[in-house]
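Inside the fold
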Amino acid sequence: MDIATVDQIIDKHQSEAGSLIQVLLDIQSQNNWLPKEALTRVSERLKVPMSRIRHITTFYKTFSLVPKGRHEVHVCMGTACHVRGAERVLDTVKEVTGVGPGETDPELNFSVETVNCLGCCALGPVMVVDGEYHGNVETAETAEVLKQCTCSGE
């Protein structure tokens, strides 16, 4: 991400320190992660100490300080999903993507995370791929959804 893009995002929010989280969310949205150079620029332009930015970016799970894959996969491991086969779904995700929870593949295609609850227990087991919920997923459907991501070339 170039600094001009970071500057555009900051300008969009009138360079106000109060919009720090929204600025970080916009950078994260465009880049899939928060590079150190971007955070340094945000600190300079918004006149916010880097220690505060580090505190915020490490507190909220939505922020990533390392590169993420183009496709984000979240597998719910809550109680309802667990008893309905979340482990099998996660095993299939590992098999298809080659990465486990908290990891990103070297080609930056997939990032896999587990979550404690997605709030839709009646649909368990639940997997979310790029923000799209897949409920009552079986292993075959899990593999199919992930293969569509790789086939689409996105």
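Residues numbered from 1 in each chain as written. Predicted model: local features only at pLDDT ≥ 70, side-chain atom pairs only at ≥ 80, totals over all residues. Heavy atoms only, no water.

- Per an unreviewed UniProt entry, the chain carries the name NAD(P)H-dependent oxidoreductase subunit E and comes from Geothermobacter hydrogeniphilus.
- Its UniProt record, at the heading Sequence similarities (unreviewed entry), says of the chain: "Belongs to the complex I 24 kDa subunit family." (UniProt positions renumbered as here; feature names shortened; annotations may be inferred.)

1. Some points on the domain arrangement of the chain
- Taken domain by domain, the chain consists of domain 1 (3-59) and domain 2 (71-152).
- Computed over C-alpha atoms only, the centres of domain 1 and domain 2 are separated by 30 Å. (Domains from an automatic or database assignment.)

2. Remarks on the sheet that holds strand β5 (residues 132-134)
- Overall, mixed pairing links the 5 strands, which are arranged β2-β3-β1-β4-β5 in an open sheet. In this open sheet, the two strands that pair with only one neighbour each are β2 (103-104) and β5.
- Judged from the 2 bridges that link them, β2 and strand β3 (residues 110-115) form a sheet pairing that is antiparallel. What sits directly across from T104, in β3, is S111.
- Most of the contacts of helix α6 (residues 86-97) go to strand β1 (residues 71-76), to which it runs at about 155°, and overall it touches β1, β3 and β4 (127-129). (Pairing = 2+ DSSP bridges. Helix = DSSP H or I, 4+ residues; strand = E, 2+ residues; numbered from the N terminus. Contact = heavy atoms within 4.5 Å. Axes fitted to C-alpha atoms, helices over the stretch in contact; angles between N-to-C directions.)

3. Here's the deal with the pairing of β1
- Judged from the 6 bridges that link them, β1 and β3 form a sheet pairing that is parallel. Among the inter-strand pairings, H71 is bridged to a residue of β3, identified as F110.
- Pairing geometry for β1 and β4, over 3 bridges, is antiparallel. Of the residues in β4, the one forming a bridge with V73 is V129.

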